[in-house]
Amino acid sequence: MKDPKLREIDERAFLRRLNPMLDVYAAAMAPPVEQLPGRRTILERHTAYPGFRAFVAERRGALPGLAGPVQGFAYGFHGSRGQWWHDVVCQALADREGQEHAETWMEDPFEVAELHVHPHAQGRGLGRALLTALCEGRQERTVVLSTLDVRPETPARRLYRSVGMVDLLTGYEFPGGGPLYAVMGGTLPLAPYPPASSSP
């Protein structure tokens, strides 16, 4: 069984993979089942956003009982006024730190909407590879995203910190309720991942 291959996909290819991508999302995030149809609608809508870009990690020859061909996926787009997540986060940043601070991060952002790796494929660098590929060559000034704020150092937050991203909001509850999130941001291009130490 070969390792997953990263592939950039266009909007049509993204829509064709919605079911397996939602399977990865469900396995990684364990959301209430009744939320999945709404998540599907959001993914469909995002393909029409400006600057949409998506990558998928796929492998052929998946064995029965293991994760399917789609092992992970990530996508994002250019954030702008009128988009729900952008406007909500921009307002929260302005409320906490002032309008100038909000504009610094949200005036020209690349928004990473989703980045998920199936639990069976985690710990092999796929998340980092997806994030790096997704952000490579983007012309926006900043990159922003939200991630669950369940404890200070989840693997996802360690990944984002390792490429230079910082906490913009922590313990944040989006309108409508739900779990607490951290909103993180960095400047583009991403900081290179530090090489492994040669010390024992």
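In what follows, the structure referred to is the one given above.
This one's a predicted model, so the numbers in the text were calculated from it and none came from an experiment.

**Focus on the packing of aromatic side chains**
- Going through the model one piece at a time under the given rule, you end up with 8 aromatic pairs.
- Measuring from ring centre to ring centre gives 6.4 Å for Tyr-75 and Phe-77, while their planes differ by 40 degrees; the resulting arrangement is tilted.
- Residue classification places Tyr-75 among the buried residues on the basis of a relative accessible area of 0%.
- Cluster of aromatic residues (ring-pair linked, three or more members): Phe-14, Tyr-49, Phe-52, Tyr-75 and Phe-77.

**Let's talk about the sheet that holds strand β6 (residues 166-172)**
- Reading across from one edge, β1-β2-β3-β4-β5-β7-β6 is the order of the 7 strands in this open sheet, with mixed pairing throughout. Where the open sheet ends on each side, the last strands, each with one partner, are β1 (5-9) and β6. When the angles between neighbouring strand axes are averaged without regard to direction, this sheet yields 20 degrees.
- Sheet topology note: the strand β2 (residues 53-58)/strand β3 (residues 70-78) ladder contains 6 bridges and is antiparallel. Considered in β3, the bridge of Val-56 is made with Phe-73.

**Brief notes about unusual backbone geometry**
- Cis peptide bonds are those with omega within 30 degrees of zero, and the linkage from Leu-188 to Pro-189 qualifies with 0 degrees.
- Mapped onto the secondary structure, Pro-189 falls in the segment after β7 (181-187).
- One non-glycine residue, Ala-30, lies in positive phi territory at about 50 degrees.
- As for its placement among the helices and strands, Ala-30 is situated in the loop between α2 (18-29) and α3 (36-46).
- Exposure remark for Ala-30: the relative accessible area of 63% places this residue in the exposed category.

What counts, and at which threshold
Residues numbered from 1 in each chain as written. Predicted model: local features only at pLDDT ≥ 70, side-chain atom pairs only at ≥ 80, totals over all residues. Heavy atoms only, no water. Phe/Tyr/Trp six-rings, centres within 6.5 Å; stacked < 30°, edge-to-face > 60°. Buried < 20%, exposed > 50% of the residue type's maximum accessible area, 1.4 Å probe, protein only. Pairing = 2+ DSSP bridges. Helix = DSSP H or I, 4+ residues; strand = E, 2+ residues; numbered from the N terminus. Axes fitted to C-alpha atoms, helices over the stretch in contact; angles between N-to-C directions.

Such coordinate-based values are descriptive only and should not be taken to indicate function.
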